[in-house]
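This is what each chain is made of:
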Amino acid sequence: MDQGDAVPLAELLEERRFLLDVAHGTPAGADAAESVVDETYRRWYGLSDAARRRITVPRAWLAETVGGICREAERETDRLVANPSSGAAPRTSEAGPGTIRAPDATRRGRLRWGSRRSWASRRHDAVARALCRACVAEDGELLGSLLRPDVTALFDGGGKVRVPNGPVQGGRAVAESLLVLLSGRPRPALSARSVNGRTGLVARHGNLVVAVIGLDVTGGRVARFWIVLNPDKLRSWNRPSASSVTPSKWPGTEKGPPQTSACEGPSHRRDDRI
């Protein structure tokens with residue numbers, strides 16, 4: 001895994017908003033924008049690792065791809081309008097929004113949260129809270145001390161955000177990836193919460209949950225992380241309640257409520273599962 005694959009969460013949020021704006025400004029329009037952006041990220045992940053490394057400005061490549069998909073879809077529509085009596089079903093090109101495919105869950109390495117159902121132990125809770133404090137303080141030394149040397153982190157972007165392609169392995173690489181993800185401005189608010197019945201971490205941008213981090217603790221250190229950034233899997237965490245209103249889309253850089261962090265204990269909630 002190239003460390004260049006790690007991107008601050010704030011940048012990922014703004015990048016997707018930017019691509020949606022690009023798609024909205026094309027003939028595809030607002031209705032097709034989400035599908036166009038999803039197809040764009042599918043093509044990004046369809047590139048080889050070497051090809052992605054040769055792209056020095058990923059956002060420029062992504063924006064150009066959005067425009068290309070929209071233009072190809074427009075040409076396909078024009079062809080059908082010009083030849084309505086062909087009787088053939090609309091031809092689905094690889095690029096057209098009509099052919100948007102969900103990412104292959106198996107090929108993407110769908111994240112699994114582990115089969116053991118032991119409820120959060122005191123040791124697990126203590127490690128998770130210390131991990132939260134280390135990330136908030138950007139304390140790489142403390143963070144590294146909480147990880148096993150062979151720790152593994154799996155990132156699930158669902159093909160909808162730009163995350164490391166494949167597992168990140170080793171204490172140093174995982175620590176750097178976490179600190180990069182949670183850096184940037186505005187920084188997400190991080191808190192210790194119940195995730196699948198065990199204490200994990202939740203990152204928010206304003207009122208919106210944008211990342212959920214589950215973890216396994218072995219021998220007093222973290223052995224494995226599951227980092228979910230796929231907006232589809234985070235919908236249950238973003239249900240509107242009487243006390244809050246959740247934005248319908250991931251925000252860009254617009255200002256939200258003050259960012260605070262609560263690392264001292266998990267808050268068990270009804271929809272704490274991914």
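These numbers come from a predicted model, not from an experiment. (Residues numbered from 1 in each chain as written. Predicted model: local features only at pLDDT ≥ 70, side-chain atom pairs only at ≥ 80, totals over all residues. Heavy atoms only, no water.)

Concerning the confidence of the model for the chain
Now for step 1: In the predicted model, the chain carries a mean pLDDT of 77, and the fraction of residues at 70 or more is 71%.
Now for step 2: No element of the chain has a lower mean pLDDT than helix α4 (residues 58–82), which averages 83, and none a higher one than strand β1 (residues 147–156), which averages 95.
Now for step 3: Across residues 102–120 the pLDDT falls below 50, and counting only partners more than four positions away or on other chains, this stretch makes 32 contacts in the model.
Now for step 4: Scored below 50 in pLDDT, residues 242–259 makes 38 contacts in the model with residues more than four places away or belonging to other chains. (pLDDT = per-residue confidence, 0-100. Helix = DSSP H or I, 4+ residues; strand = E, 2+ residues; numbered from the N terminus. Contact = heavy atoms within 4.5 Å.)

Focus: the packing of aromatic side chains
Now for step 1: Taken as a whole and assessed by the stated rule, the structure comprises 1 aromatic pair.
Now for step 2: Centroid distance Trp44 to Trp61: 5.6 Å. Interplanar angle 65 degrees. Geometry classified as edge-to-face. In this pair, Trp44 is assigned in helix α2 (residues 29–46) and Trp61 in helix α4, connecting sequence segments 17 residues apart.
Now for step 3: The side chain of Arg59 reaches across the aromatic face of Phe18, ending 5.2 Å from its centre.
Now for step 4: Here the guanidinium or amino end of Arg162 rests over the ring plane of Trp44, the centre of that ring lying 5.8 Å away. (Phe/Tyr/Trp six-rings, centres within 6.5 Å; stacked < 30°, edge-to-face > 60°. Lys NZ or Arg CZ within 6 Å of the ring centre and 35° of its normal.)

With respect to the pattern of salt bridges
Now for step 1: Enumeration according to the criterion identifies 19 salt bridges in this entry.
Now for step 2: In this structure, Arg43 engages Glu39 in a salt bridge whose closest nitrogen and oxygen atoms are separated by 3.2 Å. Of this pair, Arg43 and Glu39 both sit in helix α2, 4 residues apart, which is roughly one turn of the helix.
Now for step 3: Arg43 sits in the partly exposed class, given a relative accessible area of 22%.
Now for step 4: The class for Glu39 is buried, based on a relative accessible area of 1%. (Salt bridge = Lys/Arg side-chain N within 4 Å of Asp/Glu carboxyl O. Buried < 20%, exposed > 50% of the residue type's maximum accessible area, 1.4 Å probe, protein only.)

A word on the sheet that holds strand β4 (residues 198–205)
Now for step 1: With mixed pairing, the 6 strands of this open sheet are ordered in space as β2-β1-β6-β5-β4-β3. In this open sheet, the two edge strands, each paired with only one partner strand, are β2 (168–169) and β3 (189–195).
Now for step 2: Where β1 lies against β2, 2 bridges are found, and the strand directions are antiparallel. Residue Thr152 lies in a different strand from β2, and its bridge partner there is Gln169.
Now for step 3: Lying on the sheet, helix α5 (residues 122–137) is in contact with β1, β3, β4, β5 (208–218) and β6 (221–228); it crosses β4 at an angle near 25 degrees. (Pairing = 2+ DSSP bridges. Axes fitted to C-alpha atoms, helices over the stretch in contact; angles between N-to-C directions.)

Points about the side chain of Arg162
Now for step 1: Take Arg162: it is sitting in the loop between β1 and β2.
Now for step 2: Only 2.5 Å separates the side chain of Arg162 from the side chain of Glu15, close enough to count as a polar contact.
Now for step 3: Discounting chain neighbours no more than four positions away, the residues touching Arg162 are Asp5, Val7, Glu11, Leu12, Glu15, Tyr41, Trp44, Tyr45, Pro58 and Leu62. (Polar contact = N/O pair within 3.5 Å; in protein donor to acceptor, adjacent residues only side chain to side chain.)

Notes on α5
Working note: α-helix, 3.6 residues per turn, so residues spaced by three or four point in the same direction.
Now for step 1: With 16 residues, α5 extends 22 Å from end C-alpha to end C-alpha; this agrees with the ideal 22 Å at 1.5 Å per step.
Now for step 2: Residues of α5 that are buried: His124, Asp125, Val127, Ala128, Ala130, Leu131, Cys132, Ala134 and Cys135.
Now for step 3: Downstream of α5 by a residue or two, Glu138 has a phi angle that is positive, lying close to 55 degrees. (Expected span 1.5 Å × (residues − 1).)

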